[in-house]
There are 2 protein chains.
Amino acid sequence: VNEPRRSFWGWGLEGVGATESERALIAAAIRTRMGVEPGAPERPPRIDDLRLRRPRITPPGALAAICSTDPYDRALHAYGRSYRDVVRGFRGLFPNPPDVVAYPRDEADIVRLLDHCSSAGIAAIPFGGGTSVVGGVEPAVGEAFAGTLTIDLSRLAGVLKVDERSRAVRVQAGALGPSVERVLAPLGLSMRHYPQSFEFSTVGGWIATRASGHHATLRTHVDDLVESLRIITPAGTLQTRRLPASGAGPAPDRLFIGSEGALGIVTEAWLRVQPRPRWRSSAAVRFGAFADGTGAARALAQSGMYPANCRLLDPTEALLAGAGDGSGAVLLVAFESADHPQEAALTRAVECARDLGGEPAEIRHRGPDDAAGPGGSAGAWRGAFLRAPYLRDVMVAMGMITETFETAVTWDRSDALDDAVLAAAEAGLRDAGAWPAIVTRRFTHVYADGPAPYYTVIAPGRRGSEIGQWDLAKTAVSDAIVASGGTITHHHAVGRDHRPWYDRERPDLFARGLGAAKAVLDPSWIMNPGVLVDPP
Amino acid sequence: VNEPRRSFWGWGLEGVGATESERALIAAAIRTRMGVEPGAPERPPRIDDLRLRRPRITPPGALAAICSTDPYDRALHAYGRSYRDVVRGFRGLFPNPPDVVAYPRDEADIVRLLDHCSSAGIAAIPFGGGTSVVGGVEPAVGEAFAGTLTIDLSRLAGVLKVDERSRAVRVQAGALGPSVERVLAPLGLSMRHYPQSFEFSTVGGWIATRASGHHATLRTHVDDLVESLRIITPAGTLQTRRLPASGAGPAPDRLFIGSEGALGIVTEAWLRVQPRPRWRSSAAVRFGAFADGTGAARALAQSGMYPANCRLLDPTEALLAGAGDGSGAVLLVAFESADHPQEAALTRAVECARDLGGEPAEIRHRGPDDAAGPGGSAGAWRGAFLRAPYLRDVMVAMGMITETFETAVTWDRSDALDDAVLAAAEAGLRDAGAWPAIVTRRFTHVYADGPAPYYTVIAPGRRGSEIGQWDLAKTAVSDAIVASGGTITHHHAVGRDHRPWYDRERPDLFARGLGAAKAVLDPSWIMNPGVLVDPP
């Protein structure tokens, strides 16, 4: 098997990072945009140089065949892919690798693994694609466990059945986005769920973390795509019924969607799929400042038209993504349909945006006979979006702090939240000595009752202190988000990093109820400890 | 206060039942359609003739001011409004009236009531509009309690705030549908949530039972309208955060939506609202048999066009509702928008239905300047829909069995489910000696992955034995629904009547988790006993 393997410290595959010209462009951008001289790139770590703690546990013989203590496997599963993770990985800092990584071949293996962990007091960490940006897969579980065992779902990655009549697909949890789409595409179908991590994240990971896709309205989160689930908990296996809708008691699926591996391991799901769009109409509408475009974003969100894209970029965000010249905000709007042309919808949306002060440009209509892929600002933005995680690794090597944070909030509070978050980010970065910085924002999704604002920070770090610097800013921003009425996460999940703010956001009695449910499903409290809820 | 009060045994208000001409039409229809002579109408019961069991409990002095043991209050709260309920009420059979009915004035009263019930071992039954058709508010709780106390939310019925910017309204749980709309209408807004019980059901009741509205696609259930909730449980009060969306752990609201009063009492909600539609385009498309129209219903459900109405009526259903002549099935399709005309959408939908064998008729387009209200088949159907509960009372008086059952199922199983349900209904009604009967069906809602079929039964009953007769048929049908892969309820809820099939449908481990959550929120297990989950 000579396929490239996943980088154990950075984004994506080994050897598929940023190109030389991308590196040069980034360095130039840091110089010109920030007036900062990027540091000489550090060398990434080599697996042979790591000195990992010796495994504290030994899987019993029956499980040995599916378990690994190889340093690459342990390092690869030690972190997700947040900025904090990449910095630590890049520096070769792996204080909490899993003691053992298991690759179950089937559900029976998972049952055996959970039984063993429950009886031996070993923390079990479910692992899909490992793209968590919130510490969701990091085996930092304290001292209460005999050891940590990460359960990697990559061998349960089949696309088991397509029900074309009901437009649904039965998938194993370890399947990566592209592998499901490869089965659906010849049938003219698609999940149409594209998180930024699409290439390397799994169906099970999406469900466990309530991932959202690229589409800006309507079915934004995977929650709405889930028709049924299959879950293995330490207390047994559970299968919900395939149903288009039901009113029979609290929805069972919703207890497990977003449960972040704390209740059990999602092994399978039926997901709703859609026909692939054949018509697409799009425009880029220019506004002065970001605040000038929010009214149009709100109007479109409340129009009942459900654009596939309705993404407001502030001037710097537009510039950095190649979707604008930096002189104004840009609202990217698009409609898609498998059934009929979208000119009329786009025309109406553009009219609406113009009424609210926008200058439309780049109006494009594509049909089934046109070449695929959006061009112009939207195409530039999409390209930048998919490359971003690779480029971040380059910036880390140059000593830059680069991270994102995101939320959702009702429209009545969104302006105040934006002010508070920008102020907190600047104050936090200044306090941390990471200033001047660039802080850009966009709306990733819009709802009739509020937007999902998303912020990107690029700041000069001090080598060796970057994580502490970032943590200062992140804390200030997270405090501001929760104090301003936002959620600590619209689609990045809670993990270990967001836990303090999650605890403030969710009602205490709900947490107690969730903890009681966990005690039934995971009586030894071995499932992904530290995530969502703690033992009483 | 001389306003008409609610009938203690039948639908709606006292003195606002069916008209004489409606009664005559019903009698004639029973004769001609079924070849059955309707019984002479029985007289409805009078409150003074009831002999209710003496109250077994006495509320403490501090609560006496908000408590009633008046026979009318107790009888009114003894049942919901299912067929079984109306028959029993009509016959004056009230073996399980609540011992006490409380009318809390504020949340503090609710806290006091729940504290008292918890400490005194009294079952507490939350009561909104009392329109449950599944035994959800019936104080039939067995012998384990000192008594039963129904908590009527009608005094907590305020519309507290409208956030026009975020398109949301803060409502107390006891508010009836029309009272919320009266506040929203002058602002050009609407919940656009119209269950058949709209006039007499409450926001809190909708949330507790996962009610669905009249609209056939997209946001069918109240679940999607809920932005946040406030709930009083015996263990304390809980408030979720107003958010347009979140990815922070399992959604707290979703644990309580559909909890049927078993976890606590919803006291307030923020609900998403919409602009009132200004344009409406509609058509009635004729098909041969019901099965000939299901393909078009499926195509429209999967078109990505989201019609407001997409209701397939079988020939007899269309005939009885005045929406057809009985010679064919009718698909009522309509699009609505507050933003722009809907001609294009309807034209595309009609084209689609024609391609699949339909004959379009009654194509209408209405705009802001046209008179309100749909005419033609759609108007006839809507009128019949809203009158149906009143007419049912008349049929009960004539000794007819008349009830509905409903489900949702994926498209791959929907034809087989329909066959099985019709066969089970006929077999059950024959076994019960209630044949010849009319069994009609429609799709009330359609989803990309499946329809929500809804069946209406009209059968000749034997006076005094009707409930046993119906229960035989209902059991046969419910068995068939669950065996065919459907849900025991798409929007009528579980209550006490659907409990055996709910227990088969939902995963056991989910029920155990839910029970554990209940034990935390309701440690004395006093909340609506018998609903959803039992003590371990």
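Residues numbered from 1 in each chain as written. Chains lettered and ligands numbered in written order. Predicted model: local features only at pLDDT ≥ 70, side-chain atom pairs only at ≥ 80, totals over all residues. Heavy atoms only, no water.

### Focus on the interface of chain B and chain A
- Counting residues at the interface gives 80 residues for chain B and 80 residues for chain A.
- Across the chain B/chain A interface, buried area totals approximately 6600 Å², and carbon plus sulfur atoms make up 57% of it.
- Summed over the three residues of chain B that lose the most area to chain A, namely R165, R241 and P250 of chain B, the buried surface amounts to 11% of that side.
- Run the count over chain B and chain A and you get eight salt bridges.
- D415 of chain A is the salt-bridge partner of R165 of chain B, the closest N and O atoms lying 3.6 Å from each other.
- Taken together, the connections running from chain B to chain A amount to 34 residue pairs in polar contact (both at pLDDT 80 or more).
- Of all the secondary-structure elements, those providing two or more residues to the side of chain B that touches chain A are β8 (226-233), β9 (236-239), α8 (252-256), α13 (411-431), β18 (450-460), α14 (466-483), α15 (499-505) and α16 (508-521) of chain B.
- With nine residues, the single largest contributor to the side of chain B that touches chain A is α16 of chain B.
- Of the residues in the side of chain B that touches chain A, the class split is 37 nonpolar, 24 polar and 19 charged. (Contact = heavy atoms within 4.5 Å. Buried area = accessible area lost by both parts, 1.4 Å probe. Salt bridge = Lys/Arg side-chain N within 4 Å of Asp/Glu carboxyl O. Polar contact = N/O pair within 3.5 Å; in protein donor to acceptor, adjacent residues only side chain to side chain. Helix = DSSP H or I, 4+ residues; strand = E, 2+ residues; numbered from the N terminus. Nonpolar A, V, L, I, M, F, W, Y, C, P; charged D, E, K, R; others polar.)

### A word on the environment of P126 of chain A
Residues and elements named next belong to chain A.
- Secondary-structure assignment places P126 in strand β3 (residues 122-127).
- Relative accessible area serves as the criterion here: at 15%, P126 is assigned to the buried category.
- Each C-alpha atom, one on P126 and one on G205, is 8.9 Å from the other, the two residues being 79 residues apart in sequence.
- Beyond its immediate sequence surroundings of up to four residues, P126 is in contact with V137, I151, G261, I265, M527 and N528. (Buried < 20%, exposed > 50% of the residue type's maximum accessible area, 1.4 Å probe, protein only.)

### Concerning the packing of helix α4 (residues 83-90) of chain B against helix α12 (residues 376-397) of chain B
All names here are of chain B.
- Their axes nearest at 10 Å, the elements α4 and α12 cross at an angle of 55°. As the angle between them shows, α4 and α12 are arranged oblique. Relative to α12, α4 is oriented so that their crossing is right-handed. Seen from α4, the contacting residues are Y83, V86, V87 and F90; seen from α12, they are R392, D393, V396 and A397.
- By residue class, the composition of the contact of α4 with α12 is six nonpolar, no polar and two charged. (Axes fitted to C-alpha atoms, helices over the stretch in contact; angles between N-to-C directions. Parallel < 35°, antiparallel > 145°, perpendicular 65-115°, else oblique. Left-handed = near helix turned anticlockwise from the far one by under 90°.)

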